[in-house]
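Fold and geometry: a report
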Amino acid sequence: METILEVKNISKSFDDIMVFENLSLTVKKGEVVVIVGPSGCGKSTFLRCINALERIQEGEIVLDGESIDPAAKNLSRIREKIGMVFQSYDLFPHLTILQNLTLAPVKIRRTNRRDAEKEALEFLDRVGLSNKKDSYPRQLSGGQKQRVAIVRALMMHPEILLLDEITAALDPEMVREVLDVVLDLAREGRTMIVVTHEMQFARAVADRMIFMDGGRIVEEGNAAEFFDAPKTDRLRKFLHSFDYERRE
Amino acid sequence: MDFEVIHSYMPLYIEAFILTVKIGWAGIAISFAVGIFAAFMMHFKVPVVSKIAVGYVELFRNTPLLVQLFFIYFGLPKIGLSISAPNCGAIGLGLLGGSYMAEAIRSGLSAIPKSQEESALALGLNRRQMFVHVIFPEAVSISVPAIVANIIFMLKETSVFSAISLMDLMFTAKDLIGLYYNTTEALFLLVVFYIVMLLPVSILGSVIEKRARYKTLGA
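So, a few notes on the structure that sits alongside this text. Predicted, not measured: the structure shown is a model, and the values here were computed from it. (Residues numbered from 1 in each chain as written. Chains lettered and ligands numbered in written order. Predicted model: local features only at pLDDT ≥ 70, side-chain atom pairs only at ≥ 80, totals over all residues. Heavy atoms only, no water.)

**Here's the deal with the interface of chain B and chain A**
The line we're drawing: Throughout, a residue-residue contact means that at least one pair of heavy atoms, one from each residue, lies within 4.5 Å. Accessible area that two parts lose when put together, evaluated with a 1.4 Å probe and summed over both, is termed the buried area. Any Lys or Arg side-chain nitrogen located within 4 Å of an Asp or Glu carboxyl oxygen qualifies as a salt bridge. Definition of a polar contact: a pair of N or O atoms within 3.5 Å, with one able to donate and the other able to accept a hydrogen when the atoms are protein atoms, and with sequence-neighbouring residues admitted only if both atoms are side-chain atoms. Under the scheme used here, helices are H or I runs from DSSP no shorter than 4 residues and strands are E runs no shorter than 2 residues, and both carry numbers assigned from the N terminus. All residues other than Ala, Val, Leu, Ile, Met, Phe, Trp, Tyr, Cys, Pro, Asp, Glu, Lys and Arg, Gly among them, are scored as polar; the first ten of these are nonpolar and the last four charged.
The interface of chain B with chain A comprises 21 residues on the first partner and 25 residues on the second. In total, chain B and chain A occlude about 2,100 Å² of area from one another, counting both sides; carbon and sulfur atoms represent 60% of this. Residue glutamate 118 of chain B is joined to arginine 48 of chain A by a salt bridge in which the shortest nitrogen-to-oxygen separation is 2.6 Å. At the surface where chain B touches chain A, the tally comes to 7 residue pairs in polar contact (both at pLDDT 80 or more). Looking at the side of chain B that touches chain A, the elements that each hand over two or more residues are α5 (114-122), α6 (127-157) and α8 (183-216) of chain B. Element by element, the count of residues in the side of chain B that touches chain A is highest for α5 of chain B, at 7 residues. Class assignment of the residues belonging to the side of chain B that touches chain A gives a composition of 9 nonpolar, 9 polar and 3 charged.

Printed below as a string of structure tokens:
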């Protein structure tokens with residue numbers, strides 16, 4: 001399958017604190033890559049570097065043959081191809097759900113408003129929120145907001161979706177409704193890089209698992225190998241921290 | 001209270017009312033222009049200009065309008081810059097109000113979380129689109145209560161216009177009291193006309209405030 005994203009030996013540091021060094025990753029079209037790891041291992045920063053919300057100091061990120069350069073004039077045009085969903089949803093509070101969804105397509109792609117609304121309604125219907133189109137974000141639950149945020153990213157028809165701990169701020173029941181949407185997207189062959197702490201979900205959705213720690217990729221492999229036969233001690237320890245044993 | 005007197009004073013008060021409202025709202029219009037400009041300069045930390053904006057805000061927030069008016073009306077002619085009394089009133093009020101508006105809008109802008117910027121950029125909006133469609137509208141709805149308070153404050157500040165011999169409401173009342181000693185009637189009308197001027201603003205302001213709040217904060 002053809003390569004859509006190529007991250008070549010990138011390094012990122014904040015002032016003199018190194019987040020990661022010489023990190024590389026290749027993602028093929030339609031592939032779902034899930035990154036797990038302890039907090040502070042650099043996985044969120046890694047995602048943010050991919051769409052240039054953070055500047056990298058070294059290396060190169062190439063999406064669909066185009067190099068992503070934070071200083072580039074056409075940065076926003078490249079960003080259109082990268083959908084990103086954040087932990088804190090960040091819908092626009094002054095706009096209705098429908099307006100949140102149509103803002104970018106109408107302003108950036110000059111899509112006809114009616115067409116954009118039609119598409120938005122189809123998406124909303126898919127995630128079960130068409131009755132919320134005229135609501136404001138504040139009227140929605142966290143899970144609903146996050147589903148809208150996913151749809152908002154999809155409205156730009158991105159080549160790749162970056163999901164940054166999108167369920168970390170949600171109640172357990174809402175986690176499910178959001179992750180079901182993501183599973184659905186995976187099934188229809190969307191390319192995604194997912195950062196999450198939900199191991200069950202990771203196992204269900206991932207074509208490839210990556211374990212990051214201390215700014216390095218410690219282990220990677222397919223989901224079954226990764227969870228059932230981890231090769232490194234570090235990953236074994238990490239996975240073990242999700243298991244609880246019944247006290248006698 | 002002599003309603004005969006009140007009736008005979010009415011035309012004078014109406015004239016003064018119209019003048020006061022005109023200059024008041026001209027000043028408010030200026031304050032928006034100046035305030036938004038200064039707020040943007042401060043928000044974007046434009047070199048040099050932002051420092052000037054900060055200096056302007058502090059200078060005008062920390063001096064009384066009366067002093068500012070004296071400076072513009074009596075001071076500037078000394079360097080060859082004569083401004084008519086009504087223009088002087090509007091400019092003085094506009095500069096005073098501008099410093100308050102600048103702070104109101106700047107604080108609204110700085111209240112928007114960085115993540116809002118990032119999610120707008122991540123969608124592919126460029127910086128200008130992000131500011132025009134996301135950050136500024138959000139900031140304004142946060143600033144609305146402060147803006148409304150500023151407008152009411154400015155309209156009340158028009159009462160010092162009499163100091164530069166503008167025939168505003170205050171001037172008319174003082175003048176009539178001086179001439180005829182009908183203190184009660186003159187002051188009564190003064191209060192009534194200020195209320196007529198300000199009450200609609202207050203009511204409209206709280207309606208707008210509620211709407212802005214309803215959208216963003218949901219209270």
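After presenting the structure, the write-up continues.
**A look at the sheet that holds strand β1 (residues 3-14) of chain A**
Residue and element names in this part refer to chain A. Rules: If DSSP finds at least two bridges between two strands, the strands pair. Think of each axis as a best-fit line through the C-alpha atoms, taken over the contacting stretch in the case of a helix, with angles from 0 to 180 degrees between the N-to-C directions.
Strand order in the open sheet made by the 4 strands is β2-β1-β4-β5, with antiparallel pairing throughout. A single partner strand is all that each edge strand has here, and the edge strands are β2 (17-28) and β5 (66-67). The sheet contacts of helix α1 (residues 43-50) involve β1, β2 and β4 (58-63), and relative to β1 the element is tilted by about 120 degrees.

**So, the pairing of strand β9 (residues 208-213) of chain A**
Side-chain positions along a regular strand alternate between the two faces of the sheet. All names here are of chain A. Selection rule: For each residue, the accessible area found with a 1.4 Å probe, counting protein chains only, is set against the maximum for its type, and the residue is called buried under 20%, exposed over 50%, and partly exposed in between.
Of all 6 residues in β9, 5 are buried; the element is thus mostly enclosed. Here strand β3 (residues 32-36) runs beside β9; their pairing, made up of 4 bridges, is parallel. The residue bridging valine 33 from the neighbouring strand is arginine 208, located in β9. When β9 meets strand β10 (residues 216-221), the two strands line up antiparallel, connected through 5 bridges. Its bridge partner lying in β10, methionine 212 is registered against isoleucine 217. Count of turn residues in the β9/β10 antiparallel hairpin: 2 residues, of which glycine 214 carries a positive phi of about 55 degrees.

**Describing unusual backbone geometry**
Where the residue is not glycine, phi is negative for most of them; where a peptide bond is considered, it is trans in most cases. One non-glycine residue, aspartate 15 of chain A, lies in the positive phi region at around 50 degrees. Tracing the chain through its elements places aspartate 15 of chain A in the loop between β1 and β2. Its identity is not glycine, yet serine 165 of chain B carries a phi of approximately 55 degrees, on the positive side. Positionally, serine 165 of chain B belongs in the loop between α6 and α7 (169-180). Since its relative accessible area comes to 44%, serine 165 of chain B is described here as partly exposed.

**Quick notes on the packing of helix α3 (residues 97-108) of chain A against helix α5 (residues 142-154) of chain A**
All names here are of chain A. Rule in force here: Every angle not falling under 35 degrees, over 145, or within 65 to 115 is termed oblique; those three ranges are roughly parallel, roughly antiparallel and roughly perpendicular. Handedness of a crossing follows from how the near helix is turned relative to the far one, being left-handed for an anticlockwise turn of less than a right angle and right-handed for a clockwise one.
Between α3 and α5, the shortest axis-to-axis distance is 8 Å and the interhelical angle comes to 25 degrees. When the axes of α3 and α5 are compared, the pair comes out roughly parallel. Between α3 and α5 lies a crossing whose hand is right-handed. Contacts between α3 and α5 pair Ile97, Asn100 and Leu101 from the former with Val148, Val151 and Arg152 from the latter. For the contact of α3 with α5, a count of residues per class yields 4 nonpolar, 1 polar and 1 charged.

**Examining empty space enclosed by the protein**
Short version of the rule: Here a cavity denotes grid points, spaced 1 Å and computed from the protein atoms alone, that fit a 1.4 Å probe unable to get out, and a pocket denotes an open set having protein on both sides within 12 Å along at least 5 of 7 lines; residues with an atom within 4 Å of a point are the lining. Grid points are joined across faces, edges and corners, and a volume is the space filled by probe spheres set on the points.
Scanning the entire structure with this criterion turns up 2 cavities of 30 Å³ or more. Met84, Val85, Phe86, Tyr89, Ala149, Arg152 and Ala153 of chain A together with Ser119 and Leu123 of chain B together form the lining of the largest cavity. For the lining of the largest cavity, the secondary-structure elements that each account for two or more residues are β6 (82-85) and α5 of chain A. Here the lining of the largest cavity gets 3 residues from one element, more than from any other, and that element is α5 of chain A. Estimates place the volume of the second largest cavity at around 40 Å³. Along the walls of the second largest cavity sit Cys49, Ala52, Glu54, Ile56, Ile61, Ile68 and Pro70 of chain A, which together make up its complete lining. When the residues that make up the lining of the second largest cavity are grouped by side-chain class, the tally is 6 nonpolar, no polar and 1 charged.

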